[in-house]
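# Descriptive structure summary
Take a look at the letters that make up each chain.
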Amino acid sequence: MTRSSLDWKFRSSENLRFEERKQRMAAINTDLSVIGYTYEDIQNMAQSILKNTELRPKIGIICGTGLGGIADIVENPITVSYDTIKGFPVSTVKGHSGKFVFGTIKGKEVLLMMGRFHYYEGYPMWKVAMPVRVMKAMGIEVLLLTNAAGGLNQDYKTGDIMILKDHIDLPGLTGECVLIGKNDERFGPRFVATNGAYDVELGKKFLQIATELGHGSIMREGIYIMIGGPTFSSAAEARVLRMFGADAVGMSTVPESVVGRHSSMKIFGVSLITDMVDLDVGSQFQVTHEDVLRTANERALILQDIFVKFVQQI
Ligand SMILES: O=P(O)(O)O[C@H]1O[C@H](CO)[C@@H](O)[C@H]1O
């Protein structure tokens, strides 16, 4: 074979791979029979995002509903909108703006995800947490998860801040685990222990900083349970969740935590208790997304203060 025909063969196979990749990325967003992003898909997304910045942060923060204010503490922010990243899902929930923010907090490099994906938006579970794999591919080693959650523990109050000691993966327990599907060992092992997922030292540090800043009275440590949503729990359901041992309920975080653990990341999780879940069967109390956003807004400055010091000390 002559050199030029070899070149041609090489180039046409490259083109073919490019075409296949393009079709695959399109199918990922539209065809539910496509399960998962390949390792190469994830690497490509990570590389395309990193082209926007010279920063290479090791700390990643996922901002929960209404908690995007954490980005206000980021110095010299560089934003990368999700809709500019080929194959990346889009945010559809109010309070999730849909972009990555690179920058520094008191000089320490960070990467924020302003806008997470939820199962109730219609995304398959594997897609909900795939940004965590992209973050890992970008070099993130410590993952800080934040969320808005409803209080189940009757000692809690709206506005409390709960450090996650553990979680209950209700969808996972009922057959919708985020790691279902073909496993690529380059992401992590087939079977993964999720016990002890939340780093104890990070939890202690967060609590200590919050207490030093004078917020000790609103700090809690507890167990988060994930429900699929988008319905808020009925009182009878909430009683079951409480009986399971959960202190707070939400519709996110657990898939990200599981994928983070699968990817050998250090994980910290915190819930802002945006509302107290009614356990009184027959009560007409109805919580709304606006209630959640309002509490998140009210607590924004406190969370920012804690995060500035927390990130500095990681
Ligand atoms: O978990 P995050 O994304 O913080 O949001 C919580 O708030 C929304 C409900 O108001 C749900 O999406 C729930 O999961």
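Residues numbered from 1 in each chain as written. Predicted model: local features only at pLDDT ≥ 70, side-chain atom pairs only at ≥ 80, totals over all residues. Heavy atoms only, no water.

As a further point, take the UniProt feature "domain: Nucleoside phosphorylase" (unreviewed entry) in the chain. The positions UniProt marks with the feature "domain: Nucleoside phosphorylase" (unreviewed entry) are residues 58-303. Along residues 58-303 one finds 25% helix and 27% strand; the C-alpha atoms at either end are 21 Å apart. (UniProt positions renumbered as here; feature names shortened; annotations may be inferred. Helix = DSSP H or I, 4+ residues; strand = E, 2+ residues; numbered from the N terminus.)

Among the secondary structure elements, T53 is positioned in the loop between α2 (39-50) and β1 (59-63). Judged by relative accessible area, T53 falls into the buried class, the value being 7%. In sequence terms T53 and L145 are 92 residues apart; their C-alpha atoms lie 23 Å from each other. (Buried < 20%, exposed > 50% of the residue type's maximum accessible area, 1.4 Å probe, protein only.)

Residues of the chain with pLDDT of at least 70 account for 90%, and the chain-wide mean is 91. Scored as a whole, the predicted complex attains pTM 0.91, and scored at its interfaces, ipTM 0.99. (pLDDT = per-residue confidence, 0-100.)

Further remarks concern the site of the ligand. Neighbouring residues of the ligand: 13 residues in total, closest T65, H118, Y120, S252 and H289. Contact between the ligand and H118: an oxygen atom at 2.7 Å from a side-chain N or O atom of the residue. The protein chains hide 96% of the 340 Å² of surface that the ligand would expose on its own. For the shell around the ligand, the elements supplying multiple residues, two or more each, are β5 (142-151) and α9 (289-298). Residue composition of the shell around the ligand, grouped by class: five nonpolar, seven polar and one charged. (Near = heavy atom within 4 Å. Polar contact = N/O pair within 3.5 Å; in protein donor to acceptor, adjacent residues only side chain to side chain. Areas by Shrake-Rupley, 256 points an atom, 1.4 Å probe, with all protein chains shown as cover. Nonpolar A, V, L, I, M, F, W, Y, C, P; charged D, E, K, R; others polar.)

For β1, a buried count of five out of five residues is recorded, marking the element as mostly surrounded by other parts of the structure. Relative to strand β4 (residues 108-114), β1 is paired through five bridges, and the arrangement is parallel. Looking at the pairing, I59 lines up with V110 of β4. (Pairing = 2+ DSSP bridges.)

Attention shifts here to the side chain of T65. Structurally, T65 can be placed in the loop between β1 and β2 (75-81). If we skip the residues at most four places from it in the chain, T65 touches K94, G95, H96, A148, H289, V292, L293 and A296. (Contact = heavy atoms within 4.5 Å.)

By the definition in use, this model includes 13 aromatic pairs. Plain terms: the ring middles of F88 and F117 are 5.9 Å apart, the flat faces sit at 65° to each other, and that makes the pair edge-to-face. With F88 in the loop between β2 and β3 (99-105) and F117 in the loop between β4 and α3 (125-128), this pair connects stretches of sequence that are 29 residues apart. Take F88: its relative accessible area is 3%, and that puts it in the buried class. Judged by centre distance (4.8 Å) and plane angle (55°), the rings of F268 and F310 are tilted. Of this pair, F268 sits in strand β9 (residues 266-276) while F310 sits in helix α10 (residues 300-312), and the two are 42 residues apart along the sequence. F310 shares its class with F268; the two are buried. The positively charged end of R133 is found above the aromatic ring belonging to F187, 4.0 Å away from the centroid. (Phe/Tyr/Trp six-rings, centres within 6.5 Å; stacked < 30°, edge-to-face > 60°. Lys NZ or Arg CZ within 6 Å of the ring centre and 35° of its normal.)

This paragraph deals with a nonpolar patch on the surface. A cluster of nonpolar side chains, contributed by V240, M243 and F244, occupies part of the molecular surface with about 330 Å² of accessible area. Note that M243 resides in helix α7 (residues 235-243). We classify M243 as exposed; its relative accessible area is 68%. (Patch = residues over 30% accessible without salt bridge, like charges linked within 9 Å, V, L, I, M, F, W, Y side chains within 5 Å. Salt bridge = Lys/Arg side-chain N within 4 Å of Asp/Glu carboxyl O.)

What follows is about the nonpolar core. Counting 48 residues, the largest nonpolar core has F88, F100, F102, V134, M135 and M138 as its most contacted members. In terms of residue count, α2 provides more of this core than any other element does, five residues in total. Not counting residues within four places of it along the chain, the set of residues in contact with M138 comprises A46, I49, L50, P57, F100, F102 and L111. Judged by nonpolar contacts, the second largest core, of 34 residues, contains I61, L112, A210 and I302. (Core = buried A, V, L, I, M, F, W, Y, C linked by side-chain atoms within 4.5 Å.)

What follows deals with the pattern of salt bridges. Using the criterion set out here, one finds eight salt bridges in the structure. Across the salt bridge formed by K204 and E201, the nearest N and O atoms sit 3.5 Å from each other. You can see K204 and its partner E201 sitting in helix α6 (residues 200-212), three residues apart, about one turn around the helix. Residue classification places K204 among the exposed positions, given a relative accessible area of 51%. Overall, E201 belongs to the partly exposed group, its relative accessible area being 48%. In this structure, D291 and R294 form a salt bridge, with 2.8 Å as the shortest nitrogen-oxygen distance. With D291 and R294 both in helix α9 and three residues apart, this pair spans about one turn of that helix. Given the relative accessible area of 18%, D291 is considered buried. The network of salt bridges with common partners includes E40, D184 and R186.

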